[in-house]
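# Descriptive structure summary
Residue-level listing of the chains:
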Amino acid sequence: MRAIAFLAVMPAVAFVVHPSQAQDAAAGEKVFTKCKVCHVADKDQNKVGPSLNGVIGRTAGTHPDFTYSAAMIAAGKSGVKWDEPTLTTYLHAPQAMVKGTKMTFPGLKDDKDIANVIAYLKQFSK
């Protein structure tokens, strides 16, 4: 009876995957081409947007020599730190998370793309 109950639950469990288990940095690099117009990740260089080199673990609105919006600076002061859950939310809908951000990108709608971009960014973070 336990085996039947276990088999009945397995299909539902198969869909509960932690984002970090499904990340693919190579696929994330391809998705990141959408970001390259404004951002660099493989070196510490600001463009239209701040450098994303070392972004994982960074407090929002704090990269040196970049002029952030007041909204992004306020987000950082309120405790926003770029970790996987926060980046997932932000990359899905930047303006919804930080109202008043200068980032005009509408966001990534595919959760797999977001997880992969985060995997790509992790390569360039300490």
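Every chain is numbered on its own, with residues counted from 1 as its sequence reads. Owing to the predicted nature of the model, reporting of local features is limited to residues with pLDDT of at least 70; listing and counting of side-chain atom pairs is limited to 80 or more, with chain, interface and lining totals taken over all residues. Computation of side-chain values: all heavy atoms of the structure, hydrogens and water removed.

### Some remarks on the packing of aromatic side chains
When the centres of two rings from Phe, Tyr and Trp lie within 6.5 Å, Trp using its six-membered ring, the rings pair. Their planes under 30 degrees apart give stacked, over 60 give edge-to-face, and anything left gives tilted. Here the structure, examined in full by the defined rule, presents four aromatic pairs. Taking 5.0 Å as the distance between ring centres and 40° as the angle between the ring planes, the aromatic pair formed by Phe 32 and Tyr 120 counts as tilted. One end of the pair, Phe 32, is in the loop between helix 2 (25-31) and helix 3 (70-77); the other, Tyr 120, is in helix 6 (residues 111-122), with 88 residues separating them in the sequence. Pair check on accessibility: Phe 32 and Tyr 120 agree, each one buried. The helix and strand labels rest on DSSP assignments: H or I over at least four residues marks a helix, E over at least two residues marks a strand, and numbering proceeds from the N terminus. Remark: exposure states derive from per-residue accessible area (1.4 Å probe, protein chains only) relative to the maximum for the residue type, with buried under 20%, exposed over 50%, and partly exposed in between.

### Comments concerning unusual backbone geometry
Of note, Asp 65 is a non-glycine position whose phi angle comes to about 65°, a positive value. Owing to a relative accessible area of 79%, Asp 65 belongs among the exposed residues under this scheme.

### Looking at the confidence of the model for the protein chain
This prediction gives the protein chain a mean pLDDT of 87; 83% of its residues lie at or above 70. pLDDT is a per-residue confidence score from the predictor, ranging from 0 to 100. Of all the helices and strands in the protein chain, helix 1 (residues 2-14) carries the lowest mean pLDDT, 38, while helix 3 carries the highest, 98. Throughout, a contact is declared for two residues whenever any of their heavy atoms are within 4.5 Å. Considering only residues more than four positions removed or in separate chains, one finds that residues 1-21, a stretch of pLDDT under 50, has four contacts.

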